[in-house]
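Listed here are the chains, written in short residue letters.
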Amino acid sequence: QAEALDKAEKIEMKSKSKDYDIVMKEAGKLFDLKSYEKALDQYVAASAILPSMSEPKEKITEINSILNEEKKYKETLTVADNLFKNKEWVEAKDKYVLAAGMRPEAAYPKGQLSKIAQFVQKEEQQANTFNNYLALAEKAYSSGNYALAAENYTKALGINPDAAMAKKKLLMAQQKQQQTEQSEKTENEFSALLVQAKNASSRGDLEGASVYLAMAGEKLPNDPRLQQEKK
């Protein structure tokens, strides 16, 4: 009976060894292909066939470590991509650098870092242009050239439409421009009426001159030139 049992055990061991080798070979192929989850299943199966063998256990530990790092890598990229989407360049850059350190061979984090550098450079250029337009607008506004001020505030808003101060200043410049244009129009009409009154007066047409002066008085009633001409 002992001999029979021994023989049966040897046959069973030989069969298990054969199954073990087949499973380990498949596990090795999957591992080389970096199909770690499938490889893990095969190594677990191999360890179950021959629990005394150390290689499957070592591979299981190694793969679990790799999968854990893979999980951290993906989580880091998810955070980085969300920051990138929200244009939080500094924070996104830190996360992509961390991901690149986890996977030096990965092209994606490096590509994103390159994009961030381009976006930051573009934003800096836009910020400089925006500030230049703003400075030109402020200078024009201070000197009373409200049309030029409005033009440059509009250009600044073309770069940053959400700039609240530029919006406010543009409205002020437009209002000042309208007031200036109206004042110039009134002044021109007043001057023309004053000239017509002087011409009528020089012809001796005092009644006609008075009519022109009355019309001029409706334009600029307190102008000293009007009072002088009336006298």
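Everything here concerns the structure above.
Computed from a predicted model, the values in this text were never measured in an experiment. (Residues numbered from 1 in each chain as written. Predicted model: local features only at pLDDT ≥ 70, side-chain atom pairs only at ≥ 80, totals over all residues. Heavy atoms only, no water.)

Draft legend 1. Focus on the overall build of the protein chain. Helix and strand counts for the protein chain stand at nine helices and zero strands. Here the protein chain has a C-alpha radius of gyration of 44 Å; the compact-globule value for 231 residues is 17 Å, and the former is much larger. Across its three principal axes, the protein chain shows a C-alpha extent of roughly 155 × 25 × 20 Å. Split into buried and exposed, the 231 residues of the protein chain put 26% on the buried side. Nonlocal contacts in the protein chain, meaning residues at least 24 apart in sequence, comprise 46% of its contacts between residues at least 6 apart. Split by element, the accessible area of the protein chain, about 15900 Å² in all, is 53% carbon and sulfur. With 35 positive and 35 negative side-chain charges, the protein chain shows a separation of 2 Å between the mean positions of the two kinds. (Helix = DSSP H or I, 4+ residues; strand = E, 2+ residues; numbered from the N terminus. Rg over C-alpha atoms; globule rule 2.2 N^0.38 Å. Buried < 20%, exposed > 50% of the residue type's maximum accessible area, 1.4 Å probe, protein only. Contact = heavy atoms within 4.5 Å. Areas by Shrake-Rupley, 256 points an atom, 1.4 Å probe, with all protein chains shown as cover. Lys, Arg positive; Asp, Glu negative; His and termini not counted. Charge placed at Lys NZ, Arg CZ, Asp CG, Glu CD.)

Draft legend 2. Geometry of the packing of aromatic side chains. Throughout the structure, instances matching the rule amount to seven aromatic pairs. On the basis of an interplanar angle of 80 degrees and a centroid distance of 6.4 Å, the ring pair of phenylalanine 84 and tyrosine 96 is categorised as edge-to-face. Taken together, the residues span a long stretch of sequence, with phenylalanine 84 in helix α3 (residues 55-85) and tyrosine 96 in helix α4 (residues 89-102) at a distance of 12 residues. With 6.3 Å between their ring centres and 75 degrees between their planes, tyrosine 96 and tyrosine 108 make a pair best called edge-to-face. With a gap of 12 residues between them, tyrosine 96 in helix α4 and tyrosine 108 in helix α5 (residues 107-142) connect regions that are remote in the sequence. The partly exposed category is assigned to tyrosine 108, whose relative accessible area is 39%. Taken together through their ring pairs, the aromatic side chains of Phe84, Trp89, Tyr96, Tyr108 and Phe119 make up a single cluster. The side chain of lysine 59 reaches across the aromatic face of phenylalanine 31, ending 4.1 Å from its centre. A cation over an aromatic ring shows up here: arginine 103 above the ring of tyrosine 73, its NZ or CZ 4.7 Å from the ring centre. (Phe/Tyr/Trp six-rings, centres within 6.5 Å; stacked < 30°, edge-to-face > 60°. Lys NZ or Arg CZ within 6 Å of the ring centre and 35° of its normal.)

Draft legend 3. Region of the structure containing the layout of surface pockets. Reported here for the largest pocket is a volume of approximately 170 Å³. Around the largest pocket, the lining residues are Lys34, Tyr36, Ile66, Glu69, Glu70, Tyr73, Met102, Arg103 and Glu105. Sorting elements by how many residues they give to the lining of the largest pocket places α3 first, with four residues. Each residue belonging to the lining of the largest pocket can be placed in one class, and the counts come to four nonpolar, no polar and five charged. (1 Å grid on protein atoms, 1.4 Å probe; cavity = no way out; pocket = protein on both sides within 12 Å on 5 of 7 lines; lining within 4 Å. Points joined across faces, edges and corners; volume = space filled by probe spheres on them. Nonpolar A, V, L, I, M, F, W, Y, C, P; charged D, E, K, R; others polar.)

Draft legend 4. Layout of helix α2 (residues 36-49). The end-to-end C-alpha separation of α2 is 20 Å, in line with the 20 Å expected for 14 residues at 1.5 Å each. Of all the residues in α2, the buried ones are Tyr36, Ala39, Leu40, Tyr43, Ala46 and Ser47. Buried residues along α2 cover an arc of 125 degrees about the axis, so they all sit on one side. Every exposed residue of α2 that faces more than 90 degrees away from the buried side is listed here: Glu37, Lys38, Asp41 and Ala48. Looking at the buried residues of α2, the elements they touch are α1 (2-32) and α3. (Expected span 1.5 Å × (residues − 1). Arc of directions from axis to C-beta.)

Draft legend 5. Spatial organisation of the pattern of salt bridges. With the rule as written, the count across this model stands at nine salt bridges. Taken together, the shared-partner salt bridges connect Glu70, Lys74, Arg103 and Glu105 into one network. (Salt bridge = Lys/Arg side-chain N within 4 Å of Asp/Glu carboxyl O.)

Draft legend 6. Unusual backbone geometry, seen in detail. The phi torsion at lysine 34 lies on the positive side, around 65 degrees, for a residue other than glycine. Take lysine 34: its relative accessible area is 56%, and that puts it in the exposed class.

Draft legend 7. The arrangement of α1 in detail. With 31 residues, α1 extends 44 Å between its outermost C-alpha atoms, agreeing within 8% with the 45 Å of an ideal straight helix rising 1.5 Å per residue. By the burial criterion, the buried members of α1 are Tyr20, Val23, Met24, Ala27, Leu30 and Phe31. As for α1, its buried residues are in contact with α2 and α3. Where α1 terminates, the next one or two residues include lysine 34, which has phi positive at roughly 65 degrees.

Draft legend 8. Region of the structure containing the packing of α1 against α2. At a closest axis distance of 8 Å, the pairing of α1 and α2 adopts a crossing angle of 165 degrees. Between α1 and α2, the angle is such that the two are roughly antiparallel. The crossing of α1 and α2 is left-handed. Residue-level inspection shows Lys16, Asp19, Tyr20, Val23, Met24, Glu26, Ala27, Gly28, Leu30 and Phe31 of α1 in contact with α2, the latter providing Tyr36, Lys38, Ala39, Gln42, Tyr43, Ala45, Ala46 and Ile49. Of the residues contributing to the contact of α1 with α2, the split by class is 12 nonpolar, two polar and four charged. (Axes fitted to C-alpha atoms, helices over the stretch in contact; angles between N-to-C directions. Parallel < 35°, antiparallel > 145°, perpendicular 65-115°, else oblique. Left-handed = near helix turned anticlockwise from the far one by under 90°.)

Any functional reading would require information that these geometric values do not contain.
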